[in-house]
Protein chains: 2
Amino acid sequence: MKKVVVIGVGLIGGAFAKGIRRLYPKVEIYGLDTRKEHLEKAVQLGLINEKATEGAMVNADMVIVAVPVNALVRELPQILDSVGEHCVVFDAGSTKSLICQTLENHPRRRNFLACHPIAGTEFSGPTAAFDGLYEGKTNIICEIEKTAFPLQEKALAFFQKLGMRIRYMNPVAHDRHIAYVSHLSHISSFMLGKTVIQKEKNERDIFDMAGSGFESTVRLAKSSPDMWAPIFEQNKENVIETLEEYIQNLEAFKSMMEANDFKGIHQEMNNTNRIQQILKGIPLTKTLD
Amino acid sequence: MKKVVVIGVGLIGGAFAKGIRRLYPKVEIYGLDTRKEHLEKAVQLGLINEKATEGAMVNADMVIVAVPVNALVRELPQILDSVGEHCVVFDAGSTKSLICQTLENHPRRRNFLACHPIAGTEFSGPTAAFDGLYEGKTNIICEIEKTAFPLQEKALAFFQKLGMRIRYMNPVAHDRHIAYVSHLSHISSFMLGKTVIQKEKNERDIFDMAGSGFESTVRLAKSSPDMWAPIFEQNKENVIETLEEYIQNLEAFKSMMEANDFKGIHQEMNNTNRIQQILKGIPLTKTLD
C-alpha cells in the first residue's frame with residue numbers, strides 16, 4: 001500500500017489512521033472531513049499527512065469511510081465512482097442493511113467491503129482517536145462474497161495486523177442483533193440520564209449521591225447525537241422492537257413491585273446474573289474504562 | 001480503639017475491616033456472618049482476627065453492620081441492646097428511612113450512626129473486599145444529631161482517615177434521591193440484560209457483537225439479588241415513581257421514532273449530553289472500571 005484516504009477523521013477513522021502509521025510506516029494518509037477544524041486537528045496530531053486533493057481517490061489503495069450512517073448512504077456511491085479498480089473501500093457503520101442495499105447494483109460494488117468494527121468510546125473527534133482501539137475487537141463483515149477477492153485480502157490483512165476478530169454475517173441479521181446489544185443500550189442510557197436530570201433540578205445532589213454504578217449506566221449518554229440519530233433512523237424497525245420488549249420488562253418489574261412480589265424480583269435478578277458469564281466473552285472491555 | 005466487630009464480612013464490611021487494619025494496626029477485629037464460608041474466608045484473608053464470641057459486643061468500641069437492609073431492620077435493635085455505652089454502631093445500608101424509624105425510640109439510639117457510603121462494585125463477598133474502596137467516596141449520614149457527640153467524633157475520625165467526603169441528609173430525602181441515582185440504574189441494567197438474554201438464545205451472538213458500551217450499561221446486572229431485592233422493597237414508593245418516569249421517557253422516545261421525528265431525537269440526546277459535565281463531579285468512578 002502507498003496511499004490511503006480516510007474520510008471522516010474522528011475517533012473511528014483516526015484510530016484506523018494511527019494503525020496504518022504504525023503498521024505501514026511508508027504509506028501516505030490523506031484525509032477528508034466536513035468539519036474544517038477536525039481536518040486541521042488531524043493534520044496537527046499527525047493522523048493524516050494532509051487534506052486529500054480532488055485526485056487523491058484515483059490513486060488510493062484503500063479508502064476508509066468513517067462518517068455517520070446517513071452520510072455513508074449518501075456518499076459511498078460517489079466515493080466508489082471515483083476510486084481505481086485496485087482500491088478497497090470499507091465503512092465502519094453501525095447499520096448495514098441500507099448501506100448494502102444502496103450499493104447492491106453499483107458498478108464498483110466489488111471494491112466495497114461492508115464492515116462494522118465493534119469498537120469505540122463515548123467520545124468523538126480526532127483527539128479521541130488512539131492506536132490500539134481495534135486490538136482484540138470484533139469486526140463484523142457483511143456480504144464478503146460481493147467484494148473482489150484480492151481486495152478482501154488487502155482489507156483482512158490490515159484488520160488481522162490490527163488484532164481484530166473477524167465475523168461474517170448478513171446485513172439483516174447484523175442490524176437485528178446489533179439493535180439489542182448496542183442500539184438499545186444507548187437509548188436506555190440516554191433516557192436514564194434524562195430521567196435523573198429532569199428530577200434533580202439541583203445537580204449538587206447528583207454530584208454527591210451518584211456513584212460509579214450510576215456513571216457506568218449513563219456513560220453512553222455522552223455519545224454523539226450526530227452519529228446516533230441516523231443509526232436509530234436507519235434501524236428504526238429493529239430498535240422499536242427492542243424498545244417495546246425492554247419497556248415490557250420494566251413494566252413487569254414495576255408490577256411485581258406493586259404486587260410486593262419481591263421473591264419474584266429476587267428470582268428475576270438471579271436469572272439475569274448470568275450476564276456476568278456472558279460478559280466474560282466480550283473482548284477488551286477496557287475501552288470504556 | 002481496641003476492639004471492632006464487623007457484622008457481614010462481604011465487600012462493604014470487609015473493605016472497612018481492611019481500612020481499620022491499616023489505620024489502627026493494634027485493633028482486634030472480630031467478625032460475624034450468616035454464611036459460614038464467608039466467615040472462614042474472612043479469617044483466611046486476614047480481614048478479621050476471628051469469629052466474634054457471645055461477649056464480643058459488650059467490649060467493642062465500634063460495630064460495623066454491613067448486611068442487607070432487611071437484615072439491618074431486623075438485627076440492629078438487638079445489636080444496640082448488646083453494646084456498651086461507649087460503642088458506636090453504624091450501618092451501610094442503601095435505604096435510610098425504615099432503619100431510622102425502627103431505631104427512633106431505641107434506648108441506645110444515641111449509639112447508632114445511620115450511614116450510606118456511596119461505594120461498591122458489582123461484586124460481593126469477602127474476596128471482593130479491597131482497601132481503598134472508600135477513598136474519595138461520599139458517605140451520607142442521616143440524623144447525625146441523634147448520635148452521641150463523642151461517638152459521632154469517633155466514627156467521623158475513621159471516615160476522614162479513609163478519605164471519605166461526608167454529607168448530611170434527612171432519611172426521607174436520602175431515599176428519594178438515591179432511588180434516581182442508584183436504585184433505578186440497577187433496574188434499568190437488570191432489565192436490559194434480561195431483554196438481551198431473552199432475545200439472544202444463542203449467546204455466541206452476544207459474545208461477538210456486544211462491545212464495551214453494552215458491558216458498561218449492563219454491568220450492574222451482576223449485582224447481588226440478596227442485597228437488592230430488600231432495597232427495592234424498602235424503597236418501594238420512590239423506586240416505582242422513578243420507574244414510571246423512566247418508562248414514560250422511553251415511551252416518548254419510541255413515539256418520536258414512530259413519528260420519524262429524528263430531529264427531535266437528536267435534540268433529546270443533545271440535551272442529555274450534559275450528563276458528561278455532571279459526571280465529572282462524581283468522585284472515584286474507577287471502582288467499577
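Owing to the predicted nature of the structure, the values given are computational and were not obtained by experimental measurement.

1. Here's the deal with the interface of chain B and chain A
Taken residue by residue, the interface counts 94 residues in chain B and 94 residues in chain A. Taken over both partners, the interface formed by chain B and chain A buries close to 9500 Å², and the fraction arising from carbon and sulfur atoms is 67%. There are eight salt bridges connecting chain B and chain A. For E245 of chain A, the salt bridge identified is with K199 of chain B, shortest N-O distance 3.6 Å. In this assembly, chain B and chain A are joined by 24 residue pairs in polar contact (both at pLDDT 80 or more). In terms of residue count, helix α7 (residues 171–199) of chain B provides more of the side of chain B that touches chain A than any other element does, 19 residues in total. Considering only residue class, the side of chain B that touches chain A consists of 44 nonpolar, 26 polar and 24 charged.

2. Things to note about the domain arrangement of chain A
Residue and element names in this part refer to chain A. Looking at chain A, the domain boundaries give domain 1 (3–169) and domain 2 (173–281). Here domain 1 and domain 2 have C-alpha centroids that lie 30 Å from each other. Listed by partner, the interface residues are 19 residues for domain 1 and 17 residues for domain 2. For the pair domain 1 and domain 2, the summed buried surface comes to about 1400 Å²; carbon and sulfur atoms form 62% of the total. Where domain 1 packs against domain 2, one counts two salt bridges. As a salt-bridge pair, R35 and D226 come within 2.9 Å of each other at their nearest N and O atoms. Our count for the contact surface shared by domain 1 and domain 2 stands at eight residue pairs in polar contact (both at pLDDT 80 or more).

3. Describing the sheet that holds strand β6 (residues 112–117) of chain B
Residues and elements named next belong to chain B. Sheet architecture is open: eight strands sit in the order β3-β2-β1-β4-β5-β6-β7-β8, paired in mixed fashion. The open sheet is flanked by β3 (50–51) and β8 (165–169), the only strands paired with a single partner. In this sheet, strand β4 (residues 62–65) lies alongside strand β1 (residues 3–7) in parallel orientation, the contact comprising four bridges. Residue pairing for β4: V5 is matched across the bridge by V63.

4. Describing the sheet that holds strand β6 (residues 112–117) of chain A
Residue and element names in this part refer to chain A. On the basis of which strands lie adjacent, the open sheet formed by eight strands has the order β3-β2-β1-β4-β5-β6-β7-β8 and mixed pairing. Unpaired on one side and paired on the other, β3 (50–51) and β8 (165–169) mark the two borders of the sheet. Both strand β5 (residues 88–91) and β6 contribute to a ladder of two bridges, which runs parallel. If you follow V89 over to β6, its bridge partner there is F112. The strands touched by helix α4 (residues 69–81) within the sheet are β1 (3–7), β4 (62–65), β5 and β6, with β5 carrying the most contacts at an inclination of about 175 degrees.

5. Some remarks on the packing of α4 of chain A against helix α10 (residues 225–234) of chain A
The description of two packed helices rests on the angle between their axes and on the distance between the axes. Residue and element names in this part refer to chain A. Where α4 meets α10, the axes come as close as 7 Å, and the angle between the chain directions of the two elements is 75 degrees. Of the possible angle classes, the one that applies to α4 and α10 is roughly perpendicular. Residues V69, N70 and V73 of α4 touch α10, and the partners they reach there are P230, I231 and Q234. Across the contact of α4 with α10, the residue classes tally to four nonpolar, two polar and no charged.

6. A look at the packing of aromatic side chains
What the rule picks out here adds up to 21 aromatic pairs over all chains. Measuring from ring centre to ring centre gives 5.3 Å for F16 of chain B and F90 of chain B, while their planes differ by 80 degrees; the resulting arrangement is edge-to-face. One end of the pair, F16 of chain B, is in helix α1 (residues 11–23); the other, F90 of chain B, is in strand β5 (residues 88–91), with 74 residues separating them in the sequence. We classify F90 of chain B as buried; its relative accessible area is 0%. Cluster of aromatic residues (ring-pair linked, three or more members): F16, Y24, F90, Y134, F158 and F159 of chain A.

7. What to know about the packing of helix α7 (residues 171–199) of chain A against helix α11 (residues 236–258) of chain A
Residues and elements named next belong to chain A. In the contact formed by α7 and α11, the axes pass within 9 Å of each other and the chain directions differ by 60 degrees. As summarised for this structure, α7 and α11 are arranged oblique, according to the angle between their axes. Considering how the two elements wind past one another, α7 and α11 form a crossing that is right-handed. Packed against α7, whose contacting residues are D175, R176, A179, Y180, H183, L184, I187 and S188, the element α11 presents N238, V239, E241, T242, L243, E245 and Y246 at the interface. The residue inventory of the contact of α7 with α11, partitioned by class, reads seven nonpolar, four polar and four charged.

8. Notes on the relation of the copies chain B and chain A
Note that the two copies of the chain are related through a rotation about an axis and a translation along the same axis. Between the two copies, chain B and chain A, the superposition gives an RMSD of 0.0 Å; the rotation angle is 180 degrees and the shift along the axis is 0.0 Å. The relationship between the two copies is best expressed as a two-fold rotation axis.

9. What to know about the state of the cysteines
Residues and elements named next belong to chain A. Evaluation of the coordinates by the stated rule reveals zero disulfides over all chains. Here C100 is not cross-linked by a disulfide; its sulfur's nearest cysteine counterpart is in C142, at 5.5 Å. What makes C100 buried here is its relative accessible area of 3%. The closest cysteine sulfur to the non-disulfide-bonded C115 is located on C142, 8.5 Å from its own sulfur.

10. Considerations on helix α4 (residues 69–81) of chain B
Residues and elements named next belong to chain B. Over its 13 residues, α4 runs 19 Å from end to end, which matches the ideal 18 Å to within 8%, given 1.5 Å per residue. Most pronounced at E75, the bend in α4 amounts to some 45 degrees, and the proline P77 follows within four residues. Residues of α4 that are buried include every one of V69, A71, L72, L76, P77, I79 and L80, and no others.

11. As for the pairing of β5 of chain B
Residue and element names in this part refer to chain B. Across the two faces of β5 the burial is the same, with V88 and F90 and V89 and D91 all buried. Bridge analysis of β4 against β5 gives four bridges, and the strand direction is parallel. Bridging from a neighbouring strand, V65 pairs with D91 of β5. Handedness of the β-α-β unit built from β4, α4 and β5 comes out right-handed. Handedness of the crossover joining β5 and β6 through helix α5 (residues 97–103): right-handed.

12. Considerations on the environment of T272 of chain B
Here T272 of chain B lies in helix α12 (residues 262–272). T272 of chain B sits 149 residues away from F123 of chain B along the chain, and the two C-alpha atoms are 29 Å apart. For T272 of chain B, the contacting residues outside a window of four places in its chain are F190, G193, K194, I197 and A221 of chain A.

13. A short note on the pattern of salt bridges
Taken as a whole, this structure holds 34 salt bridges over all chains when the rule is applied. Residues D91 of chain B and K96 of chain B are paired through a salt bridge, measuring 2.7 Å at the closest nitrogen-oxygen approach. Among the charged side chains, a salt-bridge network with shared partners connects E104, R109, E143 and K146 of chain A.

Criteria and cut-off values
- Along each chain, residue indices are assigned from 1 in the same order as the chain's sequence is written.
- By the order in which they are written, chains take letters starting at A while ligands take numbers starting at 1.
- pLDDT decides what is reported in this predicted model: residues at 70 or higher carry local features, side-chain atom pairs at 80 or more are listed and counted, and totals for whole chains, interfaces and linings draw on all residues regardless.
- The side-chain values count all of the structure's non-hydrogen atoms but skip hydrogen atoms and water molecules.
- Any two residues whose heavy atoms approach within 4.5 Å are treated as being in contact.
- The term buried area refers to how much accessible surface (probe radius 1.4 Å) is lost by two components on association, counted for both of them together.
- Only one rule defines a salt bridge in this text: a Lys or Arg side-chain nitrogen within 4 Å of an Asp or Glu carboxyl oxygen.
- For this analysis, a polar contact is any N or O atom pair within 3.5 Å, provided that within protein one partner can donate a hydrogen and the other can accept it, and provided that sequence-adjacent residues contribute only side-chain to side-chain pairs.
- Each helix is a run of DSSP H or I of at least 4 residues and each strand a run of E of at least 2, with the numbering of both proceeding from the N terminus.
- As a working rule, the residues Ala, Val, Leu, Ile, Met, Phe, Trp, Tyr, Cys and Pro are called nonpolar, Asp, Glu, Lys and Arg charged, and the rest polar, with Gly in that last group.
- Annotation comment: domain bounds sourced from an automatic or database domain assignment.
- When DSSP locates at least two bridges between a pair of strands, those strands are taken to pair.
- Only the stretch in contact is used when a helix axis is fitted, and all axes are lines through C-alpha atoms; the angle between N-to-C directions ranges over 0 to 180 degrees.
- Orientation labels follow simple angle bins: below 35 degrees gives roughly parallel, above 145 gives roughly antiparallel, 65 to 115 gives roughly perpendicular, and whatever is left gives oblique.
- Only Phe, Tyr and Trp rings are paired, with Trp represented by its six-membered ring, and only when their centres lie within 6.5 Å; those with planes under 30 degrees apart are stacked, over 60 edge-to-face, the remainder tilted.
- Exposure categories follow from relative accessible area, calculated using a 1.4 Å probe and restricted to protein chains: below 20% of the type maximum is buried, above 50% is exposed, and the middle band is partly exposed.
- Crossing handedness is read from the near helix: turned anticlockwise from the far helix by less than a right angle, it gives a left-handed crossing, and turned clockwise, a right-handed one.
- When the copies are superposed, the least-squares fit draws on C-alpha atoms of residues that have pLDDT of at least 70 in both.
- In this description, the term disulfide denotes a pair of cysteine sulfurs within 2.5 Å.
- Each residue after the first adds 1.5 Å to the expected span of a helix.
- One fitted axis covers the seven residues ending at a residue, a second covers the seven starting there, and the bend at that residue is the angle between these axes.
- When the strands point away from the viewer, a crossover counts as right-handed if the path from the first strand over the helix to the second runs clockwise.

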